[in-house]
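# Per-entry structural report
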Amino acid sequence: MNRRDFHFDLPDELIARYPAAERTGARLLQVDGTSGERVHGRFADIEALLQPGDLLVMNDTRVIPARLFGRKPSGGRVELLVERITGECEALCHLRASKSPQAGAELLFPGGVTAVMTGRVDDLFCLRFPLPLLDYLQRHGEIPLPPYFQRAPEASDRERYQTVYADPAKAASVAAPTAGLHFDEALLARLAAKGVGRAFVTLHVGAGTFRPVRTDDIRAHRMHSEWLTVPDATAEAVRATRARGGRVVAVGTTSVRSLETAAGHAAPGECISAFAGETDIFIYPGYRWRVVDALVTNFHLPESTLLMLVSAFAGHAHIMAAYREAVAMQYRFFSYGDAMFLSRAPHPDPLPAGEGVSRAP
């Protein structure tokens, strides 16, 4: 498939640069992966869409204040974005400066802290700090809002660009698993009372999630790598859900990538097993799904790997028609925008025929 097969025109005013007043206040577009039927409603409708015996799988990673501003000893400005913390005092980082520093160079950061650039891994810089890095970032770092926000972070972003179930012990992401931003504690409590199960995976989101696809043939795109963990308890919950006929509902594309990666490493005779390690899984139309039955997701960038993933899930034609309709109806796009609830297409047809129909709730 060609990258342009995933293009749509998005007016700038539809990019949500601030969240809705309430977490559950976003709109929700439902897309049936079999018929392509579309239903327009509110995110609160998800309470009726989920049934007793279903299992929500959520990514409990926590976003860190991963952006730092500093300078070289010469006075030149430096902007640093931590991609991955590799040790208590070390990290792989993106670095923006007038001239790239060489190994052994010192960089000066707030609080009188001097970091040393020890080497490079591809486009990333290895930096060593003289103190525990995570604690330092909490004091001096800035929440790294996505580039399409085109604004500086504000105090409210420290709370709103974070899911309510983010685990403080799993703070390592530089971008939020944004589909989860729509859930608040009250909604989660009502779903639990209804008999909807909940399980967690951990995928630490890197800045590579925003890397554009530059090759015309999407199969030639080099996917970024991220660390994930699917614990035993989650694998067992998925197996039990499928055994009793319930649905595995992934909250966000990071949960999808975690589950499908673990399923690809399953023990013989099992649909999924526990897994911890790197993944560079790239899901696009034609992919054969293993465990995910439904998906809660936000609206993604044109020609992005995430748009390709949801097209693989609910059908390319169905998704592209839904996106065009969402633009026409002025849905809000991207991290702080509105949401979708997708059911899986019944076969891995790269280009399902028909664009479905739409109806109001």
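Note that the coordinates shown come from a computational prediction; the quantities given were computed from them, not determined experimentally.

This part is about the overall build of the protein. Along its length, the protein carries 8 helices and 18 strands. Over its C-alpha atoms the protein spans a radius of gyration of 21 Å, differing by no more than 12% from the 21 Å that the globule rule assigns to 361 residues. Seen through its C-alpha atoms, the protein measures out along the principal axes to roughly 60 × 45 × 40 Å. Across the 361 residues that make up the protein, the buried fraction comes to 54%. Put simply, the protein shows about 15,100 Å² of open surface, and 50% of that area lies on carbon and sulfur atoms.

Here we come to the environment of S156. Note that S156 resides in the loop between helix 2 (133–140) and helix 3 (157–160). On the accessibility criterion, S156 (42% relative accessible area) is partly exposed. Between the C-alpha atom of S156 and that of Y18, which follows or precedes it by 138 residues, the distance is 9.8 Å.

This paragraph deals with the nonpolar core. Y161, L259, I272, Y323, F333, M340 and L342 are the most contacted members of the largest nonpolar core, which totals 67 residues. Once you skip the residues sitting within four places of it in the chain, Y323 turns out to touch F8, N298, F299, H300, L307, V310, F333 and M340. The next biggest cluster of nonpolar side chains, apart from the first, holds 24 residues, and it includes I64, V82, L95 and V113.

Taken as a whole and judged by the stated rule, the model has 20 salt bridges. In this structure, D157 and R151 form a salt bridge, with 2.9 Å as the shortest nitrogen-oxygen distance. For the pair D157 and R151, one class covers both residues: buried. With its nearest N and O atoms 3.5 Å apart, the salt bridge here joins E270 to R239. Note that E270 is positioned in the loop between helix 6 (253–264) and strand 15 (275–279) and R239 in helix 5 (residues 232–243), a separation of 31 residues in sequence.

Take the pairing of strand 3 (residues 55–59) next. Of all 5 residues making up strand 3, 5 are buried, and the element is well covered by its neighbours. In strand 3, alternate side chains face the same way, and those of L55, V57 and N59 on one face and L56 and M58 on the other are all buried. When strand 3 meets strand 12 (residues 197–203), the two strands line up parallel, connected through 5 bridges. By the bridge assignment for strand 12, L55 is matched with G197. As judged from the 3 bridges shared by strand 3 and strand 14 (residues 248–251), these two strands associate in the parallel manner. Note on strand 14: the bridge partner recorded for L55 is V248.

Right, let's talk about the packing of helix 7 (residues 305–314) against helix 8 (residues 316–328) for a bit. Packing of helix 7 against helix 8 brings their axes to within 6 Å, and their N-to-C directions diverge by 120°. One way to sum up the angle between helix 7 and helix 8 is to call them oblique. Facing L307, V310, S311 and A314 of helix 7, the residues of helix 8 in contact are H316, H318, I319, M320 and Y323. The class makeup of the residues in the contact of helix 7 with helix 8 is 6 nonpolar, 3 polar and no charged.

The next thing to look at is the environment of V116. Looking at the secondary structure, you find V116 in strand 9 (residues 113–121). With a relative accessible area of 19%, V116 lands in the buried category. C-alpha of V116 to C-alpha of S335: the two residues are 219 residues apart in sequence and 33 Å apart in space. Discounting chain neighbours no more than four positions away, the residues touching V116 are G104, A105, E106, C126, L127 and R128.

Note that an α-helix has 3.6 residues per turn; residues three or four places apart therefore point the same way. Within the span of helix 2, buried status applies to L133, Y136 and L137. Here the buried residues of helix 2 occupy an arc of 100° about the axis, which is enough to place them on one side. Packed against the buried residues of helix 2 are strand 5 (67–71), strand 6 (77–87), strand 7 (90–97), strand 8 (106–109) and strand 9.

By secondary structure assignment, the location of K72 is in the loop between strand 5 and strand 6. Comment: no salt bridge for buried K72; closest opposite-charge side chain is E106, at 13 Å. If we skip the residues at most four places from it in the chain, K72 touches V78, A97, S98, K99, L107 and L108.

Once that is clear, we can look at helix 7. Within helix 7, 10 of the 10 residues are buried, which leaves the element mostly enclosed by the surrounding structure. Contacts made by the buried residues of helix 7 are with helix 6, strand 16 (294–298), helix 8 and strand 17 (339–343). Positive backbone phi, approximately 100°, marks G315, located one or two places after helix 7.

Reading the values: the criteria
- Residues numbered from 1 in each chain as written.
- Predicted model: local features only at pLDDT ≥ 70, side-chain atom pairs only at ≥ 80, totals over all residues.
- Heavy atoms only, no water.
- Helix = DSSP H or I, 4+ residues; strand = E, 2+ residues; numbered from the N terminus.
- Rg over C-alpha atoms; globule rule 2.2 N^0.38 Å.
- Buried < 20%, exposed > 50% of the residue type's maximum accessible area, 1.4 Å probe, protein only.
- Areas by Shrake-Rupley, 256 points an atom, 1.4 Å probe, with all protein chains shown as cover.
- Core = buried A, V, L, I, M, F, W, Y, C linked by side-chain atoms within 4.5 Å.
- Contact = heavy atoms within 4.5 Å.
- Salt bridge = Lys/Arg side-chain N within 4 Å of Asp/Glu carboxyl O.
- Pairing = 2+ DSSP bridges.
- Axes fitted to C-alpha atoms, helices over the stretch in contact; angles between N-to-C directions.
- Parallel < 35°, antiparallel > 145°, perpendicular 65-115°, else oblique.
- Nonpolar A, V, L, I, M, F, W, Y, C, P; charged D, E, K, R; others polar.
- Arc of directions from axis to C-beta.
- Lys, Arg positive; Asp, Glu negative; His and termini not counted.

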